[in-house]
Amino acid sequence: MKPLGIDVLVVGAGAAGMMCAWEAGRRGRSVWVVDHARAPGEKIRISGGGRCNFTNLGCGPHAFLGENPRFATSALKRFTQHDFLKRVEAAGIGWHEKTLGQLFCDDSAKQIVRMLTDGMAEAGATLRLGVAVERVARSGDGFEAALSDGSVVRARSLVLATGGKSIPKMGATGWAYDAARGFGLRVTETRPGLVPLTFEAGLLETLAPLAGLSVEAVVSSASSSPKGGRPSFREGLLFTHRGLSGPSILQISSYWREGEAITVAMAPGADVFAALKAAKAANGKQAVHTALGHITPRRLAESLCEREGVHGKLAEVGDKALRRLDEAVNRWTVKPVGSEGYRTAEVTLGGIATDQLDQQTMQAKAAPGLYVIGEAVDVTGWLGGYNFQWAWSSGWAAGQAC
Ligand code: FDA
């Protein structure tokens, strides 16, 4: 079969790939986007509980992890959260800020997918779904790709936009990493990020009565990050049957490494010891767990008193035991045994090394015409809309150049 010649072949019709195709098409490039899934933007569709937390008003390099978090700065500045918001508004999509600068659709994440597919269609980009790339190689000053439908495509530019390994059930693969290695690019170690943490059986048994309970907490790494400072997040924490989840835990999971502990404050800002002493002075007949239940949810108070072996009336309990409760509430140090892994991780940490790419264009320095965007790159954001903004910004940047 005679190969079809186009300007740009984008592999992956996710957030980054569609933004890139939209932009490249607007610049008059002939663009194909191929994806082995049956529908485009599946992760967008399920994100944010179906409402897609599509960006964050406070987006900046501080909210990203990777070998060189500053790599993201250029793309994030060239196509900002405000630029994406303008497109959302131009598409007539209602939005709201939920908390901490996180922007969500009022109605449905499907509106974002529709905005991107409409944008691509208007720009003349061709979307090929249910098609995998079987082989890709250099061909002259461009690339040649053999597709699973038997066709062969020749393109001047090749864009790797197949994301990371999270949620294999949804079609995630390590394809971009393998393809990048095939072109001589370095790939850093990958691991699940924004993922619930799991605990050993003994601790799980103690925590079992708390499953389903959620509290506002400050969760911190027990050890310092390589750059100094101790990552710390104040957000919701959820007890589950498998361990701990909720936004604060997902955030810290991206910094956590095997063997390390995390510290948890479940009544942040409260002086638990002072409050219990005051309660004792006011009414010594009150049960300790009742007094603690005025500071933390009652179920948590009962569980903590049980775990620390502090029972009876406040009048019968000494300062040492009250201090133990204070520690248990606000300086709980606990060692996860693992995470739930790629099965539930929202993102993949690590990926195609940023020193291999040009930060303005996302083009591989040693392989002209090859671009890598989105989650496949070693740039990972915090929870809260940062990962989509990276997909939009990096996709946009490549779309101006490919
Ligand atoms: P993305 O994964 O979106 O797209 C990759 C595409 O490539 C897919 O369409 C896939 O089918 C295709 N593909 C994979 N392998 C292929 C192959 N071999 N051949 C052809 N095609 C292939 N972020 C955020 O900012 N706000 C949020 O609310 C959420 N919520 C959220 C919820 C859940 C459950 C998850 C799992 C993740 C999030 N995220 C998020 C993270 C966000 O979804 C993620 O960072 C972006 O989707 C990454 O965009 P990409 O385009 O890089 O990859």
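Residues numbered from 1 in each chain as written. Predicted model: local features only at pLDDT ≥ 70, side-chain atom pairs only at ≥ 80, totals over all residues. Heavy atoms only, no water.

Peer 1: Would you mind going over the pattern of salt bridges with me for this structure?
Peer 2: Where charged atoms from two side chains of opposite charge approach closely, those side chains can pair. All told, the structure shown has 20 salt bridges when counted by the stated rule. Close ionic contact of D149 with R128 constitutes a salt bridge, the shortest N to O distance being 2.4 Å. You can see D149 sitting in the loop between β9 (142-147) and β10 (152-160) and its partner R128 sitting in strand β7 (residues 126-129), a full 21 residues away along the chain. Relative accessible area serves as the criterion here: at 39%, D149 is assigned to the partly exposed category. Exposure remark for R128: the relative accessible area of 22% places this residue in the partly exposed category. Through salt bridges with shared partners, one network takes in E23, R26 and R87. (Salt bridge = Lys/Arg side-chain N within 4 Å of Asp/Glu carboxyl O. Helix = DSSP H or I, 4+ residues; strand = E, 2+ residues; numbered from the N terminus. Buried < 20%, exposed > 50% of the residue type's maximum accessible area, 1.4 Å probe, protein only.)

Peer 1: How do you make sense of the site of the ligand when you look at a structure like this?
Peer 2: Residues in close proximity to the ligand total 28 residues, the closest being A16, D35, T173, E375 and F388. The contact in question runs from a nitrogen atom of the ligand to an N or O atom on the backbone of N53, over 2.9 Å. One nitrogen or oxygen atom from the main chain of N387 is found 3.4 Å from an oxygen atom belonging to the ligand. When isolated, the ligand has an accessible area of 1000 Å², and the protein chains bury 92% of it. For the shell around the ligand, the secondary structure elements donating two or more residues are α1 (15-26), α2 (42-46) and α13 (386-401). Broken down by element, the residue count for the shell around the ligand peaks at four residues, all from α13. (Near = heavy atom within 4 Å. Polar contact = N/O pair within 3.5 Å; in protein donor to acceptor, adjacent residues only side chain to side chain. Areas by Shrake-Rupley, 256 points an atom, 1.4 Å probe, with all protein chains shown as cover.)

Peer 1: Is there a simple way to think about the sheet that holds strand β5 (residues 95-97) in this case?
Peer 2: Hydrogen bonds along the backbone pair up the strands of a sheet, which may run parallel or antiparallel. Taking strand neighbours across the sheet as the criterion, the three strands line up as β3-β6-β5 in an open arrangement whose pairing is antiparallel. Each edge of the open sheet is held by one strand with a lone partner, namely β3 (53-56) and β5. Averaged over all neighbouring strand pairs, the angle between strand axes comes to 30°, with direction disregarded. Summarising the sheet, β5 and strand β6 (residues 102-105) pair through three bridges and their orientation is antiparallel. Bridging across to β6, E97 finds its partner in L103. (Pairing = 2+ DSSP bridges. Axes fitted to C-alpha atoms, helices over the stretch in contact; angles between N-to-C directions.)

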